[in-house]
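The residues making up each chain are set out below.
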Amino acid sequence: MTAQVQARVDPDTARDLYSRMAVIRRFERLAYRAYERGDVHGTVHVSIGQEAVAVGVIGAMGEADTVLSHHRGHGHALAKGVDPGQLMAELCGRVDGVSRGKGGSMHSTDVANGFLGTMAVVGSAVPLAVGVALANKVKGIDSVCVAFFGDGAVNQGVLYESLNLAALWSLPVVFVCENNSYAITTSADESTAGEGVVARAKAFGVQAESIDGQDVIAVEETAARLISGARAGRPALIEALTYRFMGHSRGDPPHGVYRTKAELSEWTQRDPLTLLVDAAGLDPATVEALDAEAAAVAEAALAFAVQSPVPAEDELMRGVRA
Amino acid sequence: MTRVSAPTVQEVQTTFAEALCAAHEDAMRLDPSIVLLGQDIRAGFPFGATKGLVDEFGPDRVINTPISEAATMGCGVGAALAGIRPVVEVDFSGFLLLGLDQLVNNGAKLRYMSGDQVSIPLVVRVGQGPLGSFAAQHSQTQHAYLAAVPGLTVLAPATVQAAYDALRWALVHDDPVVVLEDMRLYRQQGTLVRGLAPDDITSTLHREGTSLSVVTYGHGVILALQAAKVLAAEGIEVEVLGLNSLAPLDVAGIASTARHTRRVLCLADDPPLFGVAATIAMVAGTEAHDVLRAPVLSLGSRPVPTPYAPDLERLVFPTVEGVVEAARRLHGWEE
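Computed from a prediction, not measured in an experiment: that's the story for all the values here.

So, the pairing of strand β1 (residues 66-70) of chain A
Residues and elements named next belong to chain A. Taken across its five residues, β1 has five buried, putting it largely inside the fold. Residues T66, L68 and H70 of β1 are buried on one face, and the alternating residues V67 and S69, pointing to the opposite face, are buried as well. In the sheet, β1 pairs with strand β3 (residues 145-150) via three bridges, with the strands oriented parallel. Bridge assignment links T66 to a residue of β3, and that residue is C145. Alignment of β1 against strand β2 (residues 115-119), held across four bridges, turns out to be parallel. Counterpart to H70 in the pairing with β2 is M119.

As for the interface of chain A and chain B
Taken together, the contact between chain A and chain B spans 34 residues of the former and 34 residues of the latter. Elements represented by at least two residues in the side of chain A that touches chain B include exactly β2, α5 (125-139) and α6 (157-168) of chain A. The biggest single contributor to the side of chain A that touches chain B is α5(A), with 11 residues.

Here's the deal with helix α3 (residues 69-81) of chain B
Along an α-helix, residues three or four positions apart point the same way, because every turn accommodates 3.6 residues. Residues and elements named next belong to chain B. Taking 1.5 Å per residue, 13 residues should reach 18 Å; α3 reaches 18 Å between its end C-alpha atoms and fits that length. With respect to burial, α3 is a largely interior element, 13 of its 13 residues being buried. Backbone geometry just downstream of α3 places G83 in the positive-phi region, at approximately 100°.

What about the nonpolar core?
Within the largest apolar cluster, 206 residues are counted, with the highest numbers of intra-cluster contacts made by A:A129, A:A147, A:V173, A:V174, A:V176, B:L265 and B:A327. Per-element tally for this core: the top contributor is helix α1 (residues 11-37) of chain A, with 12 residues.

Quick word on the UniProt feature "domain: Dehydrogenase E1 component" (unreviewed entry) in chain A
Feature annotation in UniProt places "domain: Dehydrogenase E1 component" (unreviewed entry) on residues 20-310 of chain A, given in this structure's numbering. Helix makes up 47% of residues 20-310 of chain A and strand 13%, and the two end C-alpha atoms of the span are 29 Å apart.

Things to note about the domain arrangement of chain B
Residue and element names in this part refer to chain B. The domain architecture assigned to chain B consists of domain 1 (12-192) and domain 2 (203-331). Here the C-alpha centroids of domain 1 and domain 2 sit 26 Å apart. Across the contact, 24 residues belong to domain 1 and 23 residues belong to domain 2. For the side of domain 1 that touches domain 2, the secondary-structure elements that each account for two or more residues are α6 (135-138), α7 (143-147), β6 (153-155), α8 (160-170) and β7 (177-182). Residues belonging to the side of domain 1 that touches domain 2 are distributed by class as follows: 15 nonpolar, seven polar and two charged.

Re the packing of α3(B) against helix α4 (residues 93-107) of chain B
Residues and elements named next belong to chain B. For the pair α3 and α4, interaxial distance at closest approach is 7 Å and the crossing angle is 30°. Classed by the angle they form, the pair α3 and α4 counts as roughly parallel. Judged by the sense of rotation from one axis to the other, the crossing of α3 with α4 is right-handed. Contacts between α3 and α4 involve E69, A70, T72, M73, G74 and V77 from the first element and F95, L98, G99, D101, Q102, L103, N106 and G107 from the second. Looking at the contact of α3 with α4, its residues break down into six nonpolar, six polar and two charged.

What to know about the sheet that holds strand β10 (residues 212-216) of chain B
Residues and elements named next belong to chain B. As summarised here, the arrangement of the five strands in space is β9-β11-β10-β13-β14, forming an open sheet in which the pairing is mixed. At either margin of the open sheet sits one strand with a lone partner, and together these are β9 (203-207) and β14 (297-299). Adjacent strand axes in the sheet meet at a mean angle of 20°, parallel and antiparallel pairs treated alike. As defined by bridge partners, β10 adjoins strand β13 (residues 264-267) across three bridges and the pair is classed as parallel.

A short note on the UniProt feature "domain: Transketolase-like pyrimidine-binding" (unreviewed entry) in chain B
Cross-referencing UniProt, the feature "domain: Transketolase-like pyrimidine-binding" (unreviewed entry) maps to residues 14-188 of chain B in the present numbering. For residues 14-188 of chain B, the helix share is 41%, the strand share is 18%, and the end-to-end C-alpha distance is 8 Å.

Quick word on helix α12 (residues 284-307) of chain A
Residues and elements named next belong to chain A. In a regular helix each residue adds 1.5 Å, so 24 residues correspond to 34 Å; α12 covers 35 Å between its end C-alpha atoms and thus fits that length. All buried positions along α12 are accounted for by L290, A294, A298, A301, L302 and A305. Buried positions along α12 lie against α1 and α4 (84-91).

Some thoughts on the packing of α1(A) against α12(A)
All names here are of chain A. The geometry of α1 relative to α12 is characterised by a closest axis approach of 8 Å and an angle of 45° between their N-to-C directions. If you check the angle between α1 and α12, you find them oblique. At the point where α1 passes α12, the crossing takes the right-handed sense. Contacts between α1 and α12 pair R15, Y18, S19, A22, V23, R25, R26, F27, L30 and A34 from the former with T286, L290, D291, E293, A294, A295, V297, A298, E299, A301 and L302 from the latter. Taken together, the residues that form the contact of α1 with α12 break down as 13 nonpolar, two polar and six charged.

Analysis parameters
- Residues numbered from 1 in each chain as written.
- Chains lettered and ligands numbered in written order.
- Predicted model: local features only at pLDDT ≥ 70, side-chain atom pairs only at ≥ 80, totals over all residues.
- Buried ≥ 20, exposed ≤ 12 C-beta atoms within 10 Å, placed from the backbone.
- Helix = DSSP H or I, 4+ residues; strand = E, 2+ residues; numbered from the N terminus.
- Pairing = 2+ DSSP bridges.
- Contact = placed C-beta atoms within 7 Å.
- Expected span 1.5 Å × (residues − 1).
- Core = buried A, V, L, I, M, F, W, Y, C linked by C-beta atoms within 7 Å.
- UniProt positions renumbered as here; feature names shortened; annotations may be inferred.
- Domains from an automatic or database assignment.
- Nonpolar A, V, L, I, M, F, W, Y, C, P; charged D, E, K, R; others polar.
- Axes fitted to C-alpha atoms, helices over the stretch in contact; angles between N-to-C directions.
- Parallel < 35°, antiparallel > 145°, perpendicular 65-115°, else oblique.
- Left-handed = near helix turned anticlockwise from the far one by under 90°.

And the structure:
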C-alpha cells in the first residue's frame, strides 16, 4: 500500500473542472474592477466562492437541458456555455451583450445555450422551471430544467407551491438551493425554522440531498444522479452548502456587521478551486497555466465588452412586444 | 352556368361563457401546444368557460391546478417561455393578485429583458367586476393597472362574438395577453359565428350617433346601448364606441368619435381618478381639444371596496340611469 491518496477524478476531467471554475472566478473579479472603473453599472452580485455549484451541477447536464437562475447568475451563465465576451458586454450595457444591454447583470439570457434567464425577485425563477418542464413533457422533449436559487428563497411560498406541482405532475425539473448562509445580511439560521429545505422538499415527496457545495466532484456526482432521476419523472432538490467570499453586492464588504473575519477565513480555507487541486493532485505548473488561460479569457471578454457600442436610442422601444 | 353559393356561415345563439368555451375548443383543435391550467377547469367551474373540454382534449391538456396562484402563473410563464401556449384561468380578480409577481415581473418583461430573444405566448383569463353580493375580494377590477404594465396586452370584450374573437386572437398572439371577462357578461346571450382567429382586436362602433359619444369597454357597452335607447326618445343620438382592447388602445378610434360628436363621456367600471376613464379622457381631450363643445366627462365606480349588501352594492358601479343622467348633462353643456 502506498501513502498516496487515489485521485478522485482523472486528470483531464480535473483540468476541465478547474478551468471552468477559474474562468468564472477571473470573470467576476474583473467584473468588480470594471464596476469600479464605471464600465459596469447599477450593482453587481458575484458568486466568488460558489463556483463549484455552478460548474458541478451544469457539468452534469446535457446540452438540451436548460437553466434558470437568479441575480447572482454569472457563474451559471458561463458554465452553461454563454460567451464570456457577450456576458461582459451585457454587464457593461452594450449592444453586443447577450440581452442587447437591456437586461444587465441581473437579467442575462442566452436561449441558444439553454440559459433561459435570470430573475431578480428572490425565488421567482422556480415556478418558471416547473413550467419549462411541463412544456418539455407536453412536447415530448427529453430535457431537464434546473432552477438555481439561494437560501434567501427558502422562505418564499412559491418555492413550496412549485415543489408540490413538480411532484404532483412528475416533472423533469431539479431545484438547486445554493445555501451560501446569508440572504444579504440575514443568516439562514435567523430566517429558516425547522430542519431546512431538504426536509421541506422531502415532505412533498421530492428526493432531496444536502451536499458539500465546495466539492465540485461531489456536486457533479450528486447532480448527475438526481438529474437522471428527474429525466425519468422524479423531480429533485439539491442543497449545496457554500459561501460567498465577497459581500452581497458591490459596496457590501466581505465581512463586518453580519459575519466575522474568522468565519470568512474558515470558509476561504475551503476554496472550491484549491479543494479540487488537492483532490485531483493537480501540479502547480498546470494550475498556473490554467489560471493564466482563465485570466486571458476574462481580459478578452472585457476588451470585447468595452469596444461594443452602447445601444442607440432607437433600441429603446424595440422588443416590448413582438 | 353554375350557381355560386354563399359560404356557409353558421350563426348560433349562445352565451358569452359558451363562446369562450368554443374559442378554446376551436383553437385547441388547431394547435396541439395549447394547454389549459386553472382551478376546477376540468369541471368548467364556476362559469362554464372550459366545460367539457377535458372530454375532447384529455387531462394532459386540461390541467386542474391546486390553489397555488403564484406557482400556476409562474408555470404558465415558464411553459410559454419553453414554446407551448398555456392559458391560465383565474376565476376571480382577487386571486390574480397572487399571480401578479409572475405575470408582471416575468411574463410581461422577459421579451424585453432578454433583448427580444424570447416570446411569452401566455393567455391569462380573469373574471372582473361585481357578480352581485360576492363582496369586496371577489368584486373588483384591474383594467387600469394591467393596461399600464408595459409588455402586457389587455383585452376587454363586451359581446359574445367579441369574447370568442378576443380569445382566438390571444391564442395566436406571441406575447402575454390578459383577457378581462366581466362576470356580469358570462350569461349574456348573443350571436356567434365561429371561424378563424381575427387579424386584430381594436374597437367596435356599436351604435352611430351625432349628439355625443360614450367610450367604454366590457359591461359598459351594455349600459351605454341601453342608455342610448332611452336618450334616443329624447332626441339625443348617442354614439357608442366599445374598446375591445385597452392595451394597445385604439387612439385613432377614440379621436374619430370624439371629433365626430364633439362631446365625450368616458364610462368605466373603476374609480374615475387614476382609472381607465382618466386615460380615455386624456386621449379624447388631446385628440379633439380644438373641436370639443364640452369638457370630457367621466363616469366610473365609487372609490370604495365593494360592499356585500345589495342596496349598497348597487350604488357602487355605473347604471343605465347614471349613464343617461351623465349624457343629458353632457348634451346640455353650454359652450
